[in-house]
Every structure is written in structure tokens, then in C-alpha cells.
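# Overview (structure and organization)
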Amino acid sequence: MADDLQKDSTNSLKLKKELSLLHGVCLIVGNMIGSGIFVSPKGVLLYSGSYGLSLVIWVIGGIFSVIGALCYAELGTTITKSGASYAYILESFGGLLAFIRLWTSLLIVDPASIAVIAITFANYLVQPFYPTCIPPYMAVRLVAAMIISLLTAVNCGNVKWGNTMQVASTVAKVLALIVIIIAGMVKLCQGYTTNFENSFDDSNLNAGDLALALYSALYSYSGWDTLNFVTEELKNPERNLPLSIAISIPLVTVIYVLTNVAYYTVLDLNTVLDSEAVAVTFADEILGFARWLIPISVAISCYGGLNSTLIAVSRLYFVGSREGHLPTALCMIHVNRYTPIPALIFSGGMSLIYLVVEDVFQLINYFSFNYWLFIGLSIVSQIYLRFKFPDMPRPVKLSLFFPITFCLCTVFLVVVPLYSDTINTMVGIAVALSGVPVYYVCIYLPPDRQPKCLQKLLGFLTLNVQKLCLCCAVDSEDRKEM
């Protein structure tokens, strides 16, 4: 098995030397454009209150993502360990904060994110069968549960089985947005401008609601940190990493803004807010017999996003295990298929639990607090390292204006919802704080002082996971290669 893993690692190293600027741009664009643009317009409009302000928020989200991605470009070329924000926090602030970052990812950020994508997939797949009403709640949740279970099984069998659909999903998502934009622009040129008259009327300027609107917009922009997992794969990363970011994120921002302009040209405010699948409602209004293309394209797009998210989550578990922050049972691979079956099953199972939450925007708010808290903390680590280790090699070095600006914006995203969305925010805080006693008992204490029952439980779990899943733990050196 070690030979095979080393072989995979060798092949990966060869690929790393062949990724160009074009590859970097396509990677970011392909990961950013997912289910968000098909679900978030309703959330942004719900909390902003007007078309004009919602478009401003979409632009702000794009600018904010550019700044964050540039900061991550410096961090990714300075700290070359895998794990993105988890690795940066670990290197700068130690094990406790890094573990809490990993803990919140395990319990809330990753499974809630997967649940949102699955629900979006189900809404767009089911909506065409109920053109005149909202799809039944149970039908949507059952389809969402089926796709999570299916993709978990597919990736348990062979991760490469999902790769073919990745290409198709990228084409589908871009095609769907191009069709929407062209159709909307045609209507706009024909004089359909009624919805944009007095477009800032009834704007909601409450700081808390603006933060929640920005949460929804930033959910669509998530994925700008993708290149931090492949920094070593780029040719001339000092040039191509920041240049890929400078090209791709403004491009996605333009696509998102034009897509929303197209939505708003055709649909009035109440129609957007009442729709569970905005793109399908748009297609029903304007595309005629070709309207079936949109739900199929969106469903395929969500499939690809869900598939890549499941793979990425399991990779994070390996990194956490290498640092001793996760039990061995979550870091095993199948002895023949070399797939992380326990990690995938755990992630899929947690995601199924989050399907019981009725409001998809409540799910976004659940994980957005913790997500942005630790993204902000990782950018703070950039500032900390500048002063603590000023001579550390930095192939990409930004002005401190960028990380300081990003951190100030992140404070707004984290603090304001404490007042405007107290319950969901407190859930996020409770999940994060629950990791402190777990860290103390399971990691901080030496093995001889840990509860004997805990060691027996972990031993029992490890043994039975090995038997049920036909898995074994990856050697530490192999994990580092992975």
C-alpha cells in the first residue's frame, strides 16, 4: 500500500509542475461557481430588501473575496503545509485554536455546507414537477438524502468514479449561467426596466441584516481559497498564484452580478422571495420549451460541487490526524481501494442530520459564523507572522493594508450577527466552545492520565471500523504525502 501511495504521490508531483496560469484560473472559477448563485439570490434579497442594495452587496462580496484570496496567496506560499486555515492557525497560535477550527468543521461547517448543496440539488430537481407550487418538503429532503448517500457510496468505492462528472458539472454550471445572462440582457435591451426604477427603495440598512445578506453572498463566493491546496502544483507560483486570483475572482463577480441583473429584469421582488429555485422560476418565465435545461444544469452543477466537497472534507481529516487531533478511526483507508471510507461515512452521516433543518438560509447562518471566525483568525496569523518572523521567506508579500482590512470586515461578519441572529450565532459559539474540554481530555492530557474508558472506547471503535470497512491506518509518512 505504501508503494501505491508513493506512486500516487510521485504522479501528483509530476502534475504539480504542469499547472499553468490557465489551470489556476479554471480551478478557482470551477470551484467558486457551484450551488450558491442558484440559492443565494433569495437570501441576499431577503435581508437587503431591495434590488439596488442587493447588487451592491454582490459587488462587495466579490471585492471582499479578492482581498481574502490575496492574503491566502501569501499564507499559502509562506506556510506550505496542507490544511489551509487549520494549518495556518496551528503554526501561529498552537494546537487548541487549530483543534477548535477542526472541531467546528467536523460538527457544523462541513456537514451544513454539504446539506445546503444537497438541498439546492433536490429543489432544482423536484421543482419542475411542481411548476405551480412549492415542492413538498419531504420530497426535497428525501432526494437530498439520496444524493448525499449516493455520492458517499461512490467516493467510498473509488474517488475517480466521480471525476468524469466533475468536467460535465463545470460545463453545465457555466452554460446555465450564460443562458440566464443572455436571456436577461435581451429582455433588458427590449426595455424591461420597470423592476429597476427606484431600485433602492425599501432598502434594509440594519447592520445585522446586512451581515446576514453578506453571508448569503459570500456563500456563493466560497472556493476562493482553492489554490491554497495546490500552490506547489503551479508553475511560477509567485506570479501565477496572485494573477490567477486577480483574473478569476473579478470574472466570477461580473458573472454573479449579471446573473442577478437578469433575474431582477424578469422577476419582481416578491416572485424571487417566494421561489425555492430562482433559476427555475426564471426559466419558466422566459425560456419556454428550453426551460428544462436550467434545472438539469443546476442539478449537475450541485452534483459536482457536492462531490468535490466530500473529497475535500475527507482530506482535511487526514491532516488533522497527522497532527494528532483526530482519532485513528477517521483516518483509515480501504486496503484495496485506497479510499477514506470512515471519514466519508462520518461526513455523509453528519450531513444527513442537518437535513432536518427546514430553512436553508438558517443552515448557511449556522456554519457562516464559525467559517468566517476562523478565516479571520487565519488572516490574523498572517499579521502575527509578519511581526514575529519578519525574515521568513515570503514569495508573495502584500501590503499589511489587505490583511488588516480583511480582518476588520471579518469582525463585522462575526460580531454583528450576535445581535441580529442571536440563536444561530450562539449555536455556532456553543459548538466551538464544546471543543475545549474535548481537546483537554483527548489531546492535552498525556495518555497515562486520560480516562481508561476513553482509551478502551477508541480502541474498540478503531478495531471495529477496521473490520467493518476493511480499512487500515495510513502510516504517518504516507499521510504527509497525501
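Counting from 1, residues in each chain are numbered in the order their sequence is written. pLDDT decides what is reported in this predicted model: residues at 70 or higher carry local features, side-chain atom pairs at 80 or more are listed and counted, and totals for whole chains, interfaces and linings draw on all residues regardless. Only heavy atoms go into the side-chain values, all of them from the structure, while hydrogens and water stay out.

## Focus: the overall build of the chain
Runs of E in the DSSP output that reach at least two residues are strands. Runs of H or I that reach at least four are helices, and both are numbered from the N terminus. Within the chain, the secondary structure is distributed over 21 helices and 2 strands. Categorising residues by exposure relies on relative accessible area from a 1.4 Å probe, with only protein chains included: less than 20% of the type maximum marks a residue as buried, more than 50% marks it as exposed, and the intermediate range marks it as partly exposed. Buried residues in the chain amount to 54% of all 482 residues. Residues count as neighbours in contact if any of their non-hydrogen atoms are within 4.5 Å of one another. In the chain, of all internal contacts separated by at least 6 residues, the share reaching a separation of at least 24 is 82%. Under the convention used here, a 1.4 Å probe and the Shrake-Rupley method define accessible areas, while residue burial counts only the protein chains that appear. Just so you have it, the chain exposes about 20800 Å², and 66% of that area is on carbon and sulfur atoms.

## Describing empty space enclosed by the protein
Throughout, the protein atoms alone are placed on a 1 Å grid, and a set of points is a cavity if a 1.4 Å probe fits but cannot get out or a pocket if it is open with protein on both sides within 12 Å along at least five of seven lines; lining residues have an atom within 4 Å of a point. Grid points are joined across faces, edges and corners, and a volume is the space filled by probe spheres set on the points. Summed over all chains, the structure comprises 3 cavities of 30 Å³ or more. Its volume calculated, the largest cavity comes out at about 70 Å³. In terms of lining residues, the largest cavity is bounded by Phe38, Val39, Lys42, Ile119, Thr120, Asn123, Ser275, Glu276, Ala277, Val278, Val360 and Phe361. Mapped by element, the contributors of at least two residues to the lining of the largest cavity are helix 3 (36-48), helix 6 (95-126) and helix 15 (360-388). Here the second largest cavity defines a volume of roughly 40 Å³. Contributing to the lining of the second largest cavity are Ser85, Arg101, Thr104, Val109, Asn370, Tyr371, Phe374 and Ile375. Only helix 6 and helix 15 provide two or more residues apiece to the lining of the second largest cavity. The element contributing the most residues to the lining of the second largest cavity is helix 15, with 4 residues.

## Comments concerning the pattern of salt bridges
In the sections that follow, a salt bridge refers to a side-chain nitrogen of Lys or Arg positioned within 4 Å of a carboxyl oxygen of Asp or Glu. Under the counting rule described, the total for this entry stands at 2 salt bridges. Residues Arg386 and Glu74 are paired through a salt bridge, measuring 2.8 Å at the closest nitrogen-oxygen approach. A residue pair is termed long-range when its members are at least 10 positions apart, and Arg386 in helix 15 and Glu74 in helix 4 (residues 51-78) qualify at 312 residues. Of the two residues, Arg386 and Glu74, neither departs from the other in class, the shared state being buried. Notably, a salt bridge pairs Arg394 with Glu74, separated by 3.7 Å at the nearest N-O pair. Taken together, the positions of Arg394 in the loop between helix 15 and helix 16 (401-415) and Glu74 in helix 4 put the pair 320 residues apart, joining distant regions of the chain. Sharing partners across several salt bridges, the network here consists of Glu74, Arg386 and Arg394.

## Notes on the layout of surface pockets
Summary: where empty space remains is shown by rolling a probe the size of a single water molecule over the atoms. Approximately 470 Å³ is the volume found for the second largest pocket. Lining the second largest pocket are 21 residues, with His325, Leu326, Pro327, Cys442 and Leu458 sitting closest to its centre. The leading source of residues in the lining of the second largest pocket is helix 20 (residues 452-469), at 5 residues. Charged residues are taken to be Asp, Glu, Lys and Arg, nonpolar residues to be Ala, Val, Leu, Ile, Met, Phe, Trp, Tyr, Cys and Pro, and polar residues to be all remaining types, Gly included. Across the lining of the second largest pocket, the residue classes tally to 16 nonpolar, 5 polar and no charged.

## Side note on helix 6
A helix is expected to span 1.5 Å for every residue after the first. Its 32 residues give helix 6 an end-to-end C-alpha distance of 44 Å, which sits within 8% of 46 Å, the value for a rise of 1.5 Å per residue. The largest bend in helix 6 amounts to roughly 55° and is located at Ser105. With respect to burial, helix 6 is a largely interior element, 28 of its 32 residues being buried. To get the bend at a residue, fit one axis to the 7 residues ending there and another to the 7 starting there, then take the angle between the axes.

## Regarding a nonpolar patch on the surface
Only residues whose relative accessible area exceeds 30% and that take part in no salt bridge are eligible for patches, with like-charged residues grouped when within 9 Å of each other and nonpolar side chains (Val, Leu, Ile, Met, Phe, Trp, Tyr) grouped when within 5 Å. Taken together, the side chains of Val174, Ile178, Ile182 and Val186 make up a nonpolar region of the molecular surface, amounting to roughly 310 Å² of accessible area. Within the secondary structure, Val174 is located in helix 8 (residues 163-189). Assessed through its relative accessible area of 33%, Val174 is described here as partly exposed.

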